[in-house]
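What follows is the residue order along each chain.
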Amino acid sequence: MPRTWKAVRIDKYDLNLEKQSIYCHVMTLAFLSDSILELFDYDFDKKSLANICAFHDLSEVIIWDVPDFTPKELAGNTYLDRSMKKEMENKANRLIMENLPNDLKIDFENTISMLEDNETDEYIDIMNFFWMLDKMEPIISVWRYINFHKSQIEIERFLDAMTDFFTNPKVLKCSINKDFDILIGFLQNKENAREYYIKWDIVFEALDDNSHELLSRVIWRNELCFI
């Protein structure tokens, strides 16, 4: 199943590129989570994070991948408004939960409760961390396309097609601190992505050591998976 965000833009701009899969999104979140926990010394429960990564978009197996920051005219028949998307997600999650084996059902139910109730003090920190990762992954994967498909990409056409990922304000709004403000600002700067296409990771030298290492890991040590 493709990531709709990427797929509709690849088609519209005739980029002739493979389409990132939902599976890739899930696995990237896990890889990104592990890398940040190690490099930035955060202390979130790994099992809870693993469950959130695995279950947060599982409803899309039923309702398809619904883009969060794609205009209706571009999203086409994948478009749903926020209330309809939420209603369909809830129905799909109930159906999934009814059909899971008991050992997974408990984890799934607890995780969905966390996703729906992230204002509770018990959950707020881990959920804020996760939502930041979820919003960062699409722009990180734009850079991964540049890395793994350099020979297939006409960079100006590609950057034009992916403009929305560079301008999406939700990414910075989900940042949890100033360090990630800087990192997200770096990733959403088209000039930096253009320089990466030309000079590879020398562009990361503008960042602190931990951020440099993080991007090295998640961009060129973590391959994309396609449909």
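Structure shown above.
Below is a short write-up of the structure. Since the model is a prediction, treat every value here as computed from it, not as a measurement.

Moving on, we come to the overall build of the protein chain. Along the protein chain, the regular secondary structure elements total 14 helices and zero strands. The N-to-C order of helical and strand elements in the protein chain reads α-α-α-α-α-α-α-α-α-α-α-α-α-α. In terms of overall size, the protein chain behaves like a compact globule, its C-alpha atoms giving a radius of gyration of 18 Å where 227 residues would be expected to give roughly 17 Å. Considering only C-alpha atoms, the protein chain reaches an extent of 50 × 40 × 25 Å along its principal axes. The proportion of buried residues among the 227 residues of the protein chain is 49%. The long-range fraction of contacts in the protein chain, counting pairs at least 24 apart against all pairs at least 6 apart in sequence, stands at 72%. Surface accessibility of the protein chain: about 11500 Å² in total, with carbon and sulfur atoms responsible for 50%. When the 26 positive and 42 negative side-chain charges of the protein chain are each reduced to one mean point, those points stand 5 Å apart.

For the rest of this paragraph, the subject is the pattern of salt bridges. Enumeration according to the criterion identifies 12 salt bridges in this entry. When the shortest N-O distance is used, the salt bridge between Asp 164 and Arg 9 registers 2.7 Å. Taken as a pair, Asp 164 in helix α10 (residues 163-167) and Arg 9 in helix α1 (residues 4-12) lie far apart in primary sequence, 155 residues in all. On the basis of relative accessible area, Asp 164 is assigned to the partly exposed category, the value being 25%. Assessed through its relative accessible area of 1%, Arg 9 is described here as buried. A salt bridge links Glu 38 to Arg 217; the nearest nitrogen and oxygen atoms lie 3.1 Å apart. In this pair, Glu 38 is assigned in helix α2 (residues 22-40) and Arg 217 in helix α14 (residues 209-220), connecting sequence segments 179 residues apart. The class for Glu 38 is exposed, based on a relative accessible area of 55%. Take Arg 217: its relative accessible area is 14%, and that puts it in the buried class. Counted as one network, the salt bridges with shared partners bring together Glu 38, Glu 213, Arg 217 and Arg 221.

Moving on, we come to the side chain of Asp 134. Looking at the element boundaries, Asp 134 is found in helix α8 (residues 121-148). Classification of Asp 134 as buried rests on a relative accessible area of 12%. Within the local environment of Asp 134, its side chain forms a polar contact with the side chain of His 25, the two groups lying 3.0 Å apart.

The subject of this paragraph is the state of the cysteines. Inspection of every chain in the model, using the stated rule, returns zero disulfides. Take Cys 53: it sits in no disulfide, and the sulfur closest to it among the cysteines is that of Cys 24, at 13 Å.

By rolling a water-sized probe across the atoms, one finds the places where empty space is left. If you walk through the whole model with that rule in mind, you get one cavity of 30 Å³ or more. Trp 5, Lys 135, Pro 138, Ile 139, Phe 165, Asn 168 and Val 171 are the residues that line the largest cavity. Taken together, the residues of the lining of the largest cavity break down into five nonpolar, one polar and one charged.

Before going further, it helps to spend a moment on α2. Taking 1.5 Å of rise per residue, 19 residues should cover 27 Å, and α2 covers 27 Å from first to last C-alpha, within 8% of that figure. Looking one or two residues past α2, Asp 41 carries a phi angle of roughly 60°, positive in sign.

What follows concerns the environment of Asp 81. Along the polypeptide, Asp 81 turns up in the loop between α5 (72-75) and α6 (82-99). Spatially, the C-alpha atoms of Asp 81 and Asp 68 are 9.2 Å apart, while their sequence positions differ by 13 residues.

Applying the stated criterion across every chain, the model contains 16 aromatic pairs. Arranged with centres 6.2 Å apart and planes meeting at 40°, the rings of Tyr 145 and Phe 158 form a pair that is tilted. Of this pair, Tyr 145 sits in helix α8 while Phe 158 sits in helix α9 (residues 155-161), placing them 13 residues apart in sequence. Owing to a relative accessible area of 0%, Tyr 145 belongs among the buried residues under this scheme. Judged by its relative accessible area of 1%, Phe 158 is buried. An aromatic cluster is built from Phe 40, Tyr 42, Phe 44, Phe 129 and Phe 180, whose rings are joined through pairwise contacts. Across from the ring centre of Phe 165, 4.3 Å away, lies the NZ or CZ of Lys 6, which sits over that ring. Of note, Lys 150 hangs over the ring of Tyr 197, and the distance from its end group to the ring centre comes to 5.3 Å.

About the criteria used
Residues numbered from 1 in each chain as written. Predicted model: local features only at pLDDT ≥ 70, side-chain atom pairs only at ≥ 80, totals over all residues. Heavy atoms only, no water. Helix = DSSP H or I, 4+ residues; strand = E, 2+ residues; numbered from the N terminus. Rg over C-alpha atoms; globule rule 2.2 N^0.38 Å. Buried < 20%, exposed > 50% of the residue type's maximum accessible area, 1.4 Å probe, protein only. Contact = heavy atoms within 4.5 Å. Areas by Shrake-Rupley, 256 points an atom, 1.4 Å probe, with all protein chains shown as cover. Lys, Arg positive; Asp, Glu negative; His and termini not counted. Charge placed at Lys NZ, Arg CZ, Asp CG, Glu CD. Salt bridge = Lys/Arg side-chain N within 4 Å of Asp/Glu carboxyl O. Polar contact = N/O pair within 3.5 Å; in protein donor to acceptor, adjacent residues only side chain to side chain. Disulfide = S-S within 2.5 Å. 1 Å grid on protein atoms, 1.4 Å probe; cavity = no way out; pocket = protein on both sides within 12 Å on 5 of 7 lines; lining within 4 Å. Points joined across faces, edges and corners; volume = space filled by probe spheres on them. Nonpolar A, V, L, I, M, F, W, Y, C, P; charged D, E, K, R; others polar. Expected span 1.5 Å × (residues − 1). Phe/Tyr/Trp six-rings, centres within 6.5 Å; stacked < 30°, edge-to-face > 60°. Lys NZ or Arg CZ within 6 Å of the ring centre and 35° of its normal.

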